[in-house]
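Structural overview
In case you want the letters, here they are:
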Amino acid sequence: MNKTAVTVAYGDGIGPEIMQAVLDILMEAQAKIDVECIEIGQKLYSRGIKSGIEPSAWDSLRRTGVFLKAPITTPQGGGVKSLNVTIRKSLGLYANVRPCVAYPPFVHTLHPNMDVVIIRENEEDLYAGIEHRQTDEVMQCLKLISRPGCEKIVRYAFEYARQNGRKRVTCFTKDNIMKLTDGLFHKVFDEIALEYPDIENEHWIVDIGAAKLADTPEVFDVIVMPNLYGDILSDVAAQIAGSIGMAGSANIGEHGAMFEAIHGSAPAIAGQNVANPSGLLLAAVMMLVHIGQPEVAARIHNAWLRTIEDGIHTADIYSPEASTKSVGTTEFAAAVIARLNQLPQTFSAVTYTNAPKLRSAITTIRKPAANKELVGVDVFLHWRDGSPDTLGRLLEATNTQALALTMVTNRGVKIWPNGLPETFCTDHWRCRFMRTDDNQPVQHSDIINLLQHISNAELDFIKCENLCYFDGEPGFTLGQGQ
Ligand code: NAD
């Protein structure tokens, strides 16, 4: 059998030690892979390479289409952008598959029957990373959700469920609040669910869904959700299953796949030989299935299950009741290697022969363009010189023949006309101007004219959002309290 080229990055923090442990196991199990190492992350940042990745590394990733990646460190609050997000989005790895499984009684958990797969959308949502400081007091992050993005991930979730013998797909969104963005995700979920009558489907609002997941995870099977909720809740799910150190993930796209642990680089325990390599190892098992080496995948997975059953545990899952030996990263890897020809005794042995590939075969058919009608504009102002009524009066004076002020909100709450004095206002105002004649379409020139009036009134506009109807449906929401 020919070897498959796999791009490997050792990453930051605990990355190098868990990657070495995993590669040692893969080699001993005779995985047919040719490792191409690339450097990414902190080493490159410190050399002044802001992207954290060099062009030659992209060449390797695009050539092999298979990436086994250890975690990397991303600065918090400021600094360089997340390379993880860049890689997922640049390579179109839209589906993040995160199985979270309990291993009772060998690994302590309050949820012994838990076996949930979280399918996290990987390219959109607040992870577009488009942020702006708009005023002295207000920062903004754009949440972008697209129909093709929703269709791909939702269809992937149903295909995954069908191919893996799963019974139900649940969708989590917050569409009672974000009616257009999360609303689209939910709507597409309902549409696509109709095409899979053999799979049950349900939707939960994410807050109560998260509470239920943390409390009774065994009622869930496959859960599909937008990027941010999926990021947060897969960590919760992995941790309550036993340990964040035990969950692997696959990032799947049409042109490639990346396999990684779901945890981060855990800098506090780096270099101490205490990290659990299981998350990355289970990701590597998914990779072996993906590249068509199911026997090696099963051999490693079964040896790992046997190691866990034998009570040979790293510190994160060690307990005097369930463990026989507390080991470091390298000793854990050696214990798995020693069991490569053994099957688990208590857990069911896994087999991946005939396992469906995690590959993506999802196509989306773009809908024809809608009939779009411009009916108004939201103009955003940076202003702090008085009361909402003062602002309302100033803005009414800027009305044009085509566009008239109908509402002002502050952080989404209507404060003009007829706001409440109790409402706290920042220096960031959204001012809605609607067309004066319902039969007259608004032109770009009308908006430019309005902005000129606003500028002449010495009001500082910071951006505007066009208000359109799409096939007669408003493409904008009401103000809170409107
Ligand atoms: P983390 O997952 O690195 O650590 C959270 C906690 O879990 C820590 O207490 C850590 O010691 C423990 N832990 C994590 N993995 C473990 C393992 N394998 N064995 C034993 N214990 C383990 O999360 P964090 O501290 O929030 O993030 C650290 C860095 O990792 C940040 O820079 C973050 O951006 C990055 N990160 C990277 C990825 C990735 O590369 N895919 C994912 C998440 C976070």
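Up top you'll find the structure we're talking about.
Everything in this summary refers to the structure shown in the same document. Only a predicted model underlies this, so the values are computations on that prediction, with no experimental measurement involved.

Concerning helix H13 (residues 444–456)
Between its terminal C-alpha atoms H13 stretches 18 Å, which fits the 18 Å expected from 13 residues at 1.5 Å a residue. Of all the positions in H13, only Asp446, Ile447, Leu450, Leu451 and Ile454 are classed as buried. Each buried residue of H13 lies within a common arc of 135° when the element is viewed along its axis, so the set occupies one face. Facing away from the buried side of H13 by over 90 degrees, the exposed positions are Ile448 and Asn456. On its buried face, H13 sits against strand S15 (372–382), strand S16 (403–410), strand S18 (428–435) and strand S19 (460–470). Immediately downstream of H13, the backbone of glutamate 458 shows phi near 60°, a positive value.

Re the site of the ligand
Near the ligand, the surroundings consist of 21 residues, among which Thr74, Asn84, Gly264, Ala266 and Asn276 are the closest. Lysine 69 places a polar side-chain atom, nitrogen or oxygen, 3.2 Å from an oxygen atom of the ligand. Interatomic distance of 2.9 Å between a backbone N/O atom of asparagine 276 and a nitrogen atom of the ligand. Here the ligand has 810 Å² of accessible area as a free molecule, and 67% of this is covered by the chains. Tallied by class, residues from the shell around the ligand come to nine nonpolar, eight polar and four charged.

Comments concerning helix H9 (residues 278–290)
In this model, H9 (13 residues) spans 18 Å end to end at C-alpha, consistent with the 18 Å of a helix rising 1.5 Å per residue. Most of H9 sits inside the fold, with 13 of its 13 residues counted as buried. Directly beyond the C-terminal end of H9, a positive phi value near 80° is found at glycine 292.

With respect to the sheet that holds strand S11 (residues 248–252)
In space, the ten strands of this open sheet follow the order S2-S1-S3-S12-S11-S4-S5-S10-S8-S9, with mixed pairing throughout. The sheet terminates laterally at strand S2 (33–38) and strand S9 (200–205), the two strands that pair on one side only. Pairs of neighbouring strands in the sheet enclose a mean axial angle of 25°, with direction left out of account. In the sheet, strand S3 (residues 66–69) pairs with strand S12 (residues 257–261) via three bridges, with the strands oriented parallel.

Conventions used here
Residues numbered from 1 in each chain as written. Predicted model: local features only at pLDDT ≥ 70, side-chain atom pairs only at ≥ 80, totals over all residues. Heavy atoms only, no water. Helix = DSSP H or I, 4+ residues; strand = E, 2+ residues; numbered from the N terminus. Expected span 1.5 Å × (residues − 1). Buried < 20%, exposed > 50% of the residue type's maximum accessible area, 1.4 Å probe, protein only. Arc of directions from axis to C-beta. Contact = heavy atoms within 4.5 Å. Near = heavy atom within 4 Å. Polar contact = N/O pair within 3.5 Å; in protein donor to acceptor, adjacent residues only side chain to side chain. Areas by Shrake-Rupley, 256 points an atom, 1.4 Å probe, with all protein chains shown as cover. Nonpolar A, V, L, I, M, F, W, Y, C, P; charged D, E, K, R; others polar. Pairing = 2+ DSSP bridges. Axes fitted to C-alpha atoms, helices over the stretch in contact; angles between N-to-C directions.

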